[in-house]
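Residue-level structure breakdown
Okay, here's what each chain looks like letter by letter:
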Amino acid sequence: MAENNNVEQELDINQLMKVRREKLDKLKEEGKNPYEITKFNRTHTSKQIIDNYDELEGKDVTVAGRIMAKRIMGKASFCHIQDSEGKIQSYVSINDLGEESYKAFKEDDIGDIIGITGFVFKTRTGEISIHAKEVTLLSKSLRPLPEKFHGLKDTDLRYRQRYVDLIVNPEVKETFILRSKIISNIRKILEEKGYLEVETPILNTISGGATARPFITHHNTLDIDMYLRIALELNLKRLIVGGYDKVFEIGRVFRNEGMDIRHNPEFTMLELYAAFEDYNDMMNITEELFSRTAKEVLGTTKITYGEQEIDLAPGWKRISMIDSIKEVTGIDFNEIKTDEEAVALAKERKIIIPDTTKETRGDVISLFFDEYVEKTLIQPTFIYDYPVEISPLAKRSVKDNRLTERFEVFIGGREYGNAFSELNDPIDQYERFKKQVEARNAGDEEAGMMDEDYIQALEIGLPPTGGLGIGIDRFVMLLTNEASIRDVLFFPTMKPLN
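Predicted, not measured: the structure shown is a model, and the values here were computed from it.

**So, a negative patch on the surface**
Taken together, the side chains of Asp339, Glu340, Glu341 and Glu389 define an acidic patch exposed on the protein surface. When you line up the elements, Glu389 lands in the loop between strand E15 (381-387) and strand E16 (403-411).

**A look at the pattern of salt bridges**
This structure, assessed with the given rule, holds 38 salt bridges. Close ionic contact of Lys18 with Glu22 constitutes a salt bridge, the shortest N to O distance being 2.7 Å. With Lys18 and Glu22 both in helix H1 (residues 13-29) and four residues apart, the pair spans about one turn of that helix. Overall, Lys18 belongs to the partly exposed group, its relative accessible area being 45%. For Glu22, a relative accessible area of 42% puts it in the partly exposed group. The residue Glu192 makes a salt bridge to Arg292 at a minimum N-O spacing of 3.1 Å. Of this pair, Glu192 sits in helix H8 (residues 170-192) while Arg292 sits in helix H10 (residues 279-298), placing them 100 residues apart in sequence. Judged by its relative accessible area of 21%, Arg292 falls in the partly exposed class.

**Structural notes on the sheet that holds E16**
If you trace the eight strands from one edge of the open sheet to the other, you get E6-E10-E11-E18-E17-E16-E15-E14, paired in mixed fashion. Single-partner strands in this sheet number two, and they are strand E6 (196-197) and strand E14 (317-320). In terms of strand pairing, strand E17 (residues 414-421) meets strand E18 (residues 465-471) through five bridges, oriented antiparallel. Paired with Asn418 across the strands is Gly469, a residue of E18. Those strands touched by helix H11 (residues 321-329) are E14, E15 and E16, and its axis lies near 95° from that of E14.

**Points about the packing of H8 against helix H16 (residues 472-480)**
It is at 10 Å that the axes of H8 and H16 come closest, and there the two elements cross at 120°. Relative to H16, H8 is oriented oblique. Judged by the twist between their axes, the crossing of H8 over H16 is right-handed. The segment H8 lies against H16, with Thr175, Leu178, Arg179, Ile182, Ile183 and Ile186 engaging Ile472, Asp473, Phe475, Val476, Leu479 and Thr480. Taken together, the residues of the contact of H8 with H16 sort by class into eight nonpolar, two polar and two charged.

**Quick look at the sheet that holds strand E8 (residues 216-219)**
Ordered by their spatial adjacency, three strands build an open sheet running E7-E9-E8, and the pairing between neighbours is antiparallel. Only two strands of the sheet have a single neighbouring strand rather than two, namely strand E7 (203-204) and E8. Two elements, E8 and strand E9 (residues 224-228), share four bridges in a ladder whose sense is antiparallel. Looking at the pairing, Ile216 lines up with Tyr227 of E9.

**What to know about the pairing of strand E5 (residues 128-139)**
Bridging between strand E3 (residues 86-93) and E5 involves three bridges; their strand directions are parallel. Its bridge partner being in E5, Tyr91 is matched across the sheet by His131. Hairpin remark: strand E4 (residues 113-122) followed by E5, antiparallel, with five residues in the connecting loop; positive phi at Gly126, about 90°.

**Focus on unusual backbone geometry**
One non-glycine residue, Phe276, lies in the positive phi region at around 70°. As for its position among the elements, Phe276 is in the loop between strand E11 (266-275) and H10. Its identity as a non-glycine residue notwithstanding, Asp385 has a phi of 60°, on the positive side. One can find Asp385 in strand E15. Of the residues examined, Asp385 reaches a relative accessible area of 7% and is grouped as buried.

Criteria and cut-off values
Residue positions are given per chain, counted from 1 along the sequence in the order it is written. In keeping with the model being predicted, local features are shown solely for residues with a pLDDT of at least 70 and side-chain atom pairs are shown and tallied solely at 80 or more, while totals for entire chains, interfaces and linings include all residues. Heavy atoms throughout the structure, all of them, feed into the side-chain values; hydrogens and water do not. Each patch is built from residues lacking any salt bridge and having more than 30% relative accessible area; the joining distance is 9 Å for like charges and 5 Å for nonpolar side chains (Val, Leu, Ile, Met, Phe, Trp, Tyr). What sets the accessible areas is the Shrake-Rupley method with a 1.4 Å probe; for residues, cover comes only from the shown protein chains. The salt bridge definition used is simple: a Lys or Arg side-chain nitrogen within 4 Å of an Asp or Glu carboxyl oxygen. Working convention for charge: Lys and Arg count positive, Asp and Glu count negative, and His plus the chain ends are omitted. Think of each charge as sitting on NZ of Lys, CZ of Arg, CG of Asp or CD of Glu. Helix and strand labels come from DSSP, where a helix needs a run of H or I of at least four residues and a strand needs a run of E of at least two; each type is numbered from the N terminus. Each residue is assigned to one of three classes by its accessible area relative to the maximum for its type, calculated with a 1.4 Å probe on protein chains only: buried under 20%, partly exposed between the two thresholds, exposed over 50%. Two strands make a pair as long as DSSP finds a minimum of two bridges between them. Any two residues whose heavy atoms approach within 4.5 Å are treated as being in contact. Working convention: axes come from line fits to C-alpha atoms, limited for helices to the stretch in contact. Angles between N-to-C directions cover 0 to 180 degrees. An angle below 35 degrees is read as roughly parallel, one above 145 as roughly antiparallel, one from 65 to 115 as roughly perpendicular, and any other as oblique. Put simply, a crossing is left-handed when the front helix is turned counterclockwise from the back one by less than a right angle, and right-handed when it is turned clockwise. Following the grouping adopted for this structure description, the nonpolar residues are Ala, Val, Leu, Ile, Met, Phe, Trp, Tyr, Cys and Pro, the charged ones are Asp, Glu, Lys and Arg, and the polar ones are all others, Gly among them.

Take a look at the structure:
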């Protein structure tokens, strides 16, 4: 359907806005200011009319939405309006509206929001439509939408003007509807299992719970610097100390790091903690959260991500980090006993160790995994038993005290979750915090700080506890087949325009 005024496509945006502003001024002079309308009573949405046509045929309905297309044919016109659930056509004629109202309708622009009352019918081509008896201008659009046939394709502009993106690209709106359903489904599963949803502070006096560079702000009244949280972990475990058996939080965390297709400075995390459970229990609940959510939201556990076919059904592969490296490279770190041997092997393989404080066997194991293994993990896989050097909050393995009861879950060559049997030994935790402080003092801005209050909480007594963190945004990317985190965030962080 062609737009009402094709000349609009040839004028620059400033001229278009000038014309629309003049139309608004004229309406105000006539006492018809659309912005003064405070309420409009709809009876149906577009989808309700289309889904229930047999019941509604010939009956009056009232709808409201944004004009997306118009075709003026003398004394009769067609337009499409778009509401939150889709589009519907309306037939508008001078015979039904009268000369004055029909003239006013012809002055309405693409992007204007209108209300229509009329009866439901089908056109000769079989399109379900509304035969208008009354049209009301509810809001004047002073800035034109992108040209209909090209839409809003510039990705940078789409992210900056998400409100326009949602209007002209309906598939984008569907992605965010799925995001909401995914999060709701996660909540439902956890509540079924007895988890209590809680809220913890975003502003903290100490940065901890993960290895990341924090954002720093200043509290004027207290005259102290504060940190936006980089994780939810430490406060949630304080609640386990306080006597709750199962808690979870879904909330924003903030990391002052680079941006790419998988990273945004603020993102949404799920963290959950369960007393008297361990990392094996966390593997089980991870499988259930992913597989049940896919089944209940998408109707299947078999998904496509990019060019990869992935099955999220339970029964995921479980393999230790050391065994996964051996499986891919043939190198067995069980036979490499010392830091010196590990560092020599890294140099032989031309793997760069970031700084001298990380020249340990555990750090080298992690670097080998990142280099050789991660990209090979297409089907859901639990990699467990991480080195203690890279797991400051996880309990040591009883089989090998150089390792911890920690796992990460990988799908499509990317990490989607991180879990521990939580460290509840206050003496061990204090020593690991000290190592983090030493690394921080040596220049590692991502290293954690000493949290004396958390040590006190552990001294009161943390029961054996399993903990799990899942990146919600990456989970949504997976289930909606989106390549960039910016496509699942309404308003991703963008560099300001000059």
